[in-house]
Amino acid sequence: ELQFPERLNCAHELLDAWVERGHGARLCMQGIGVRWTYADLLAQANRIAHMLVEDMGVVPGNRVLMRGANTPMMAACWFAIQKAGAIAVATMPLLRAKELCQVIQQAEVSHALCDARLAEELALAQAQCPTLKSVAHYMSDAPDGIEARAAAKPATFANVDTAADDCCIIAFTSGTTGKPKGTMHFHRDVMAICACWPKHVLKPVADDVFIGSPPLAFTFGLGGLVLFPMSVGASTVLLEKASPEGLLPAIAHYRATVCFTAPTSYRAMAPLVGQHDLSSLRKCVSAGEALPAATRQLWKDASGIEMIDGIGATELLHIFISHTEIEARPGATGKPVPGYQARVVDDQGRVLPAGQVGKLAVKGPTGCRYLADDRQRAYVQNGWNLTGDAYAMDADGYYHYQSRTDDMIISGGYNIAGPEVESALLLHPQVAECGVIGVADEQRGQIVKAFVVLRPGATPGPELVRELQDFVKQTVAPYKYPRAIEFREALPRTETGKLQRFRLRNPA
Ligand code: 3UK
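The structure presented is a predicted model; accordingly, all values stated were derived computationally and were not measured. (Residues numbered from 1 in each chain as written. Predicted model: local features only at pLDDT ≥ 70, side-chain atom pairs only at ≥ 80, totals over all residues. Heavy atoms only, no water.)

1. Quick notes on the domain arrangement of the protein
And step 1. Its domain assignment divides the protein into domain 1 (38-185) and domain 2 (408-505).
And step 2. Between the C-alpha centres of domain 1 and domain 2 the distance comes to 41 Å. (Domains from an automatic or database assignment.)

2. So, the sheet that holds strand β23 (residues 431-441)
And step 1. Strand order in the open sheet formed by 3 strands is β23-β24-β25, with mixed pairing between adjacent strands. The open sheet has two edge strands with one neighbour each: β23 and β25 (484-487). Sheet twist, expressed as the average angle between the axes of neighbouring strands with direction ignored, equals 25 degrees.
And step 2. Together, β23 and β24 (445-454) form the strand contacts of helix α14 (residues 418-426), whose direction differs from that of β23 by roughly 145 degrees.
And step 3. Along the sheet face, helix α15 (residues 462-475) touches β23, β24 and β25 and points at about 125 degrees away from the line of β25. (Pairing = 2+ DSSP bridges. Helix = DSSP H or I, 4+ residues; strand = E, 2+ residues; numbered from the N terminus. Axes fitted to C-alpha atoms, helices over the stretch in contact; angles between N-to-C directions. Contact = heavy atoms within 4.5 Å.)

3. Re the pattern of salt bridges
And step 1. By the definition in use, this model includes 30 salt bridges.
And step 2. One salt bridge in this structure joins Asp407 and Arg501, with 3.4 Å as the shortest N-O distance. Separated by 94 residues along the polypeptide, Asp407 in the loop between β20 (399-404) and β21 (409-411) and Arg501 in helix α16 (residues 501-505) bring together distant segments of the chain. Neither residue differs from the other here; Asp407 and Arg501 are each classed as buried.
And step 3. Because the salt bridges share partners, they merge into one network encompassing Glu54, Asp55, Arg149 and Lys153. (Salt bridge = Lys/Arg side-chain N within 4 Å of Asp/Glu carboxyl O. Buried < 20%, exposed > 50% of the residue type's maximum accessible area, 1.4 Å probe, protein only.)

The structure is reproduced here in structure tokens:
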């Protein structure tokens, strides 16, 4: 059991405390044209906190929206919000006004801190959302910009004395289907995730340099690129654009040691590894969607590094099933992270024996709290969170991902997990990416259909379709082979790297 004092502010624990312990001169954050020590970040966060309270009128409990690409300034704003005892509501950079309005309304947002380069869409949203009374901009040299106003403030700030179970984050699920859902997390949850997965699985050290692609609005990115490095006094690199082509030279340039990105990004980077000096890299973390065995092997062959896979969720804040690089088992996500319990249950909530596919249920220190009650009742039962994933546990206690529960394909009476067929296709040398769904079929109810992106040089056509079908039949049970295959230039993905299966199902 993790124990936290009754009064706790996560900004103090992760930031002020390092400076108090004499670690202030150590490197903390880098970005384009920015190289901040812990003392630099603390001073900047303190100045912004003054601005929030004195100029914008933020009081404890206010919900403050953040909008921007990953930058050290965005991180400084996040800490300033925590220091002021307010609640950070980070949003994905690509959200449009309509989606921003949903977030503003659901989370009752009153203030916003916005990268000036993304101001327009937020201004459109503000015009429709009367609760949002005050917006300030950073990455701007305007006299009323955050930088200019913060520069006029003192570099010290008396943090608001928050309770360990005061809400400090409202995180929205990436919403691969339907409306985004808000989840609430407390100061102690932030410290709990630092005390679980990084401590037992990643095991970072103070000399590590973290880097990666997930947006800070995605809790995978917030944890991996800000909270975890700072929990051990390490440093982090925040990249505004972290496409696979951009991430590799950045790893070389910053001599990064720990990388966080999605499985597809590792897949896209693998063929380019030889062009860069990745000798600094020690650990590679994959999350956001299932890591196919073929991708694990591809990255290992290219970089020499065994990846660390982990399943996390916005609802639970971060990773709850994972493995160290030494315990990696191809095709398995791993075992429950110390501090968390997991089980596979049937529709009635009964625990299923090893080997059987059912619903994944998870219990731990960061249980889910939805903003909306109706979801809470359906997804959290007796403290067990249903993640919406179909899983099977093997005899050794490793958890094997199957699919999202509502993505299971039922064809000719068989249950077929799309990701298993994807994993088989990805073993084929000409397949760059793929997505597998069920499409309606009169005879079989559904048939398996694959959307395939080919590697450069491969020729699409009926011959390759047959070859891929035979290839799958030789790798998995033949009834799972894709009866339909369509070649595509690219697949629809979220900003968090997840395949949008609903967009493959309904192209409109
Ligand atoms: C899927 C995975 C198999 C799974 C997240 C790490 O992805 C994160 O949060 P989201 O709320 O989505 C959660 C859902 O994504 N998933 C994530 N990782 C894996 N499936 N293997 C994996 N390794 O369906 C899960 O229910 O966007 C990931 C840390 C923090 C996060 N928020």
